[in-house]
Structures are given as C-alpha cells and as structure tokens.
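# Structural characterization, general
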Amino acid sequence: MKFKSAYLQGVYDTVSARNPGEPEFLQAVGEVLESFEPVVERRGDLVDAGIIDRIVEPERMITFRVSWVDDAGKVRVNRGFRVQFNSAIGPYKGGLRLHPTVNASVIKFLGFEQTFKNSLTGLPMGGAKGGSDFDPKGKSDGEIMRFCQSFMTELYRHIGPNTDVPAGDIGVGAREIGYLYGQYKRICNEFAGVLTGKGLSYGGSLARTEATGYGLCYFVEEMLDAVRQDSFAGKTVVISGSGNVAIYAAQKAAQLGAKVVAMSDSDGYVYDPAGINLDVVREIKEGRRGRIREYADAVPAAVYTQGCRGIWSIKCDIALPCATQNELDGDAAQTLIDNGVQVVAEGANMPSTPQAVEKFLAAGVLFGPAKAANAGGVAVSGLEMCQNSMRYSWTFEEVDAKLKGIMVGIFHNAYNASKEFGSEGNLVMGANIAGFLKVADAMKWQGVAY
Ligand code: NDP
Ligand code: 2IT
C-alpha cells in the first residue's frame, strides 16, 4: 500500500514486516491508516507521542490449546485466541468467534476494528476479540458444552468484569455464552458481569439479541434522513447472512417499511420477491440450526440459488452485508451500483473489500462502514455491563431507546469528523478519525509505558 505521508508509510511497512501472512489484519490496518493522512498533518502532538505506532500493535495476544472429547470419545484439539488490543478508554471488550477460518490474522483484524468501534459508541470500552478454529456446525449440544468449558478453563485467567469482557460473534450465541459463563462462575466462584449476551435470567440485557441488526437499521435510517431526507419506507433490501445480525436487521427494516427480498448462508441464497417471511427464517435458523435452502421448501414462490456470492446480483435500493469479511468484492459492488443501489451499510465486520468500498464512494452510494454501522451490538453490551454494575435491569423500550440514541450519535460524529477533516460525507474516513481521536488522546495522557 502507498501513503502520501512518509510517517504513515513507515508505520504500515513496520506492521507489514511484523505480521507476515496476515492479510486480513494488514487490510484493516491499511484502511484505517489511509484515513489518517489529514490527521497526521494537523495533530503533530499525536505523531510525536507515537500514538499511531502504538495503536497498531496489540497490547497482548494470548494463544492457547483447547482440548475436548467428542461424542465418540475421541480427543480433539483446537486453537484458542484472545487479543487484548487496546485498553486506553476502558476494559478490553469484544466478541468471541467460533469458525474454522479463525486464525491470528482474523482475530487481530477484528480486535483492531473493535478498538475504534467501541470508542465510537461513547461508552468506556477498550478493544478486544477472541475465538477458535473450532467448527460448531454439526456438533451436539454436549460437544459444544465441553468445548466451551475447555475454552473458558484457559480464558478465565485473562478476563474479568473490569479487565476484559467477551461476548458473542459468529458461531457464539446464547447457548455458547451460557456454557462459558457457567464455567467461569464454577472456576472463580463469582457471579460477575464477565460476559455480555447472557441469558435474561442470569444478568443479560433485554434487546442485546436484537441490538446489532436494529442498530444497523437505526444508523441507515438516520443517514438516509440526514443526507437525502429519505427513509427505509418503500425500499427493497438485500441482506446477506441469516444469523444473529441478519435476522434482526431484516426484522427492523421491515418494521421501518422496507421489503427484504433476499437472505443467505455460506451455501447459497434465497430470493423471495414477495418479501422474506422472517418467521420461516427464524424457525429454520434459530429453531433448528437448519440451512437457508429450506426456506424455498416452505415458501414455494421463493427461489434458492447455490453459492452465496450471487446474492449481490439481486436488484435493490439498500444492501446490508451481514455475514463475514470480504464477502462483497469490487465486481459485486459494480453490479449493485449498475442496479441502482442507494445505500450500503455493513452489519458484518469488513464485509466489503477495499475495491468495493472505493467503488461505492466514487459512485456516491451512501456507505456506512462496519465500525460505525454495526456498533449497536457492542453498545448494548456496554449497557449490559452498566446494568450488571448497578444490579438492575432496564426495560426493552429503555434499552432500545438508548441504542437508537447511540446510533444516531455515531452517524453524526462520523459525519462531522468527515467534514472537519476535509472529506464531507466520507463516513469511512469520518468513523476512523472520530473513533481514533478519543483513544489517541487517552493514550497520550496516560504516557508511553504501554
Ligand atoms: P452468526 O453466526 O449468527 O451468523 C453468521 C452468518 O454469516 C450465517 O448466516 C453464516 O452462514 C454466514 N457466514 C459466516 N461465515 C461465512 C462465510 N465464510 N461465508 C459466507 N457466509 C458466512 O453470526 P453473527 O450474525 O453474529 O455475525 C455476522 C457478522 O456480523 C460477523 O461479521 C460478525 O463479526 C458481525 N458482528 C456481529 C455482532 C454481534 O453482536 N453478533 C456485532 C457486530 C458485528 P453459515 O451458517 O452457513 O455459516
Ligand atoms: O463485532 C462486534 O462488535 C461484536 N461481535 C460484539 C462485541 C460485544 O462485545 O458485544
């Protein structure tokens, strides 16, 4: 990657040399550093304090063996990770991902992004991420439980309600959080708010399940209103994925008057011109962990197509990638643009490749980058921590209203930063800069020994 600033070039080259074979991490760092060209011109104090040199290096990276016994009695071994990226503004905070593609590069890209995202929420949370290359697909409940218990048997010593608070991500939902929490409590003999996304009966927050998807739609609604005096009403929406984020994005988009016509999983996608029936999707996915192709069995008018990437060929006004990183490339972006897409907002982390982002920005598409648009999940995690500290719980309406306020605030902070730093409307730049400045000032005031 080439930068105008020799300083940023030096930082990037160091990261590149220090992290060989980690393309996702380099991609995330490169995209953020690109946004800092106007910052290094104006904030020599941050350059002098070595803030950018420091922010690209995790404070701590933990890698560990996770051994467990499968239902056939065979010993299995996976690799566990926790990256504690940045604690300048609060305890480390970020999800755990269980997916066969998990490796150091993926965990570090996610932890790096999380630092800026958490800062944007306005809540006191540092950045972290973790997970394992364990594949939950096809595993029994007993296997999932034994894996989670083994994972926590190492992780517990690195986390705590004021140290590091993990949560869910791909492959980690209420079931996994429950097993992880039970094991933490057993080892530490402490009922503490050490995880978020907990069940409602043992310290979870109302609206955490819905938060990322709902927050994404609140962000889009505000972006449409502020920039185009428009709204979701009457729009056609395509959403990739059919997991936690995708399902609640679909629910809120429909509540706001849009028609969601397609959803996917890693095998393929369904197109339902009448509008996706979310009860059917939820029964398949939340009810029995089935495949999206089964939607077409239940809804004869819907068409299933093998191969998840084809979903971007469906004509829509709003595209919400909610599956995984790099799922939407330059060609897919071009197809969406040719089909008249007006808004793209990222529910997943880094779903658009740099080529796709460049095309969206050049074409004047309203583009909501992940660290701003999907911050609703971790924001409500922050509210869960707050409720745990108070030993109190808010109603669904109270949490939902706070979530909405936070998402509206994030849009305006990112927009204002884009304007202040000379690229009005470029929310990639605005979100990176706004998220960065708060962390950077905290690092500066706390000195160098970190
Ligand atoms: P889930 O595990 O609930 O769902 C993931 C969905 O994405 C599934 O439909 C899955 O399909 C699909 N998917 C996963 N990996 C791939 C892949 N390699 N190629 C194609 N499709 C894939 O996870 P979430 O909904 O929680 O997470 C989705 C995205 O949102 C992730 O990028 C995550 O980091 C991000 N995110 C999540 C938040 C949260 O609170 N949960 C908060 C902010 C961001 P299949 O079932 O076939 O694997
Ligand atoms: O990517 C993310 O923001 C999450 N997976 C949620 C993290 C959290 O701590 O709730």
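So, here's what we can say about the structure. In this convention, every chain numbers its residues from 1, walking through the sequence in written order. For this description, chains carry letters from A and ligands carry numbers from 1, given in the order in which they are written. Two thresholds apply to this predicted model, a pLDDT of at least 70 for residue-level local features and 80 or more for giving and counting side-chain atom pairs, whereas whole-chain, interface and lining totals are computed over all residues. For side-chain calculations, the full set of non-hydrogen atoms in the structure is used, while hydrogens and water are omitted.

### Quick word on the sheet that holds strand 1 (residues 60–69)
Here, any two strands with at least 2 DSSP bridges between them count as paired. Think of it this way: any DSSP run of H or I at least four residues long counts as a helix, any run of E at least two long counts as a strand, and we number them from the N terminus. With respect to topology, five strands assemble into an open sheet ordered 1-2-4-3-5, the strand pairing being mixed. Looking along the sheet, the strands with just one partner apiece sit at the ends: strand 1 and strand 5 (164–167). Recorded for the sheet is a direction-independent mean angle of 20 degrees between the axes of neighbouring strands. Strand contacts of helix 7 (residues 141–155): strand 1, strand 2 (75–86), strand 3 (92–98), strand 4 (127–132) and strand 5, with the helix running at about 140 degrees to strand 1, the strand carrying the most contacts. Angular values range over 0 to 180 degrees, each being the angle between N-to-C directions of two axes fitted as lines to C-alpha atoms, with helices fitted over their stretch in contact. Pairs of residues are marked as contacts when any of their non-hydrogen atoms sit within 4.5 Å.

### Structural notes on a nonpolar patch on the surface
Here a patch means residues that are over 30% exposed by relative accessible area and free of salt bridges, tied together within 9 Å if like-charged and within 5 Å if nonpolar (Val, Leu, Ile, Met, Phe, Trp, Tyr). Exposure was quantified through the Shrake-Rupley algorithm and a 1.4 Å probe, taking into account, for residues, occlusion by the shown protein chains and nothing else. When a carboxyl oxygen of Asp or Glu is within 4 Å of a side-chain nitrogen of Lys or Arg, the pair counts as a salt bridge. A cluster of nonpolar side chains, Val 69, Val 75 and Val 77, forms an exposed patch at the surface whose accessible area comes to about 250 Å². Tracing the chain through its elements places Val 77 in strand 2. Exposure remark for Val 77: the relative accessible area of 55% places this residue in the exposed category. Partly exposed residues are those whose accessible area sits between 20% and 50% of the maximum for their type, while under 20% is buried and over 50% is exposed, using a 1.4 Å probe and protein chains only.

### Some words on helix 2 (residues 23–35)
One less than the residue count of a helix, multiplied by 1.5 Å, gives the span that helix is expected to have. Across its 13 residues, helix 2 extends 19 Å between first and last C-alpha, which sits within 8% of the 18 Å expected from 1.5 Å per residue. The element helix 2 is extensively covered by neighbouring structure, given that eleven of its 13 residues are classed as buried. If you check which residues of helix 2 are buried, you get Glu 24, Phe 25, Leu 26, Gln 27, Ala 28, Val 29, Gly 30, Glu 31, Val 32, Leu 33 and Ser 35.

### Details of the pairing of strand 5
Of the two faces of strand 5, both are covered, the one formed by Asp 164 and Pro 166 as well as the one formed by Val 165 and Ala 167. Where strand 3 and strand 5 come together, four bridges link them in parallel fashion. Counterpart to Gly 94 in the pairing with strand 5 is Pro 166.

### So, the nonpolar core
Side chains of a nonpolar character, in soluble globular proteins, are inclined to be buried together. The nonpolar core is taken to be a set of buried Ala, Val, Leu, Ile, Met, Phe, Trp, Tyr and Cys residues, with the residues joined through side-chain atoms within 4.5 Å. Judged by nonpolar contacts, the single largest core of 62 residues is most densely connected at Phe 219, Ile 239, Met 263, Tyr 295 and Leu 320. Per element, the largest residue contribution to this core is nine residues, and it comes from helix 9 (residues 208–228). Once you skip the residues sitting within four places of it in the chain, Ile 239 turns out to touch Ala 246, Ala 249, Ala 250, Val 260, Ala 262, Met 263, Ser 264, Ile 311, Leu 320 and Cys 322. Counting residues in each nonpolar core, the second largest holds 41 residues, with Val 39, Phe 85, Ile 107 and Phe 436 among its members.

This is a description of form; function is not addressed.
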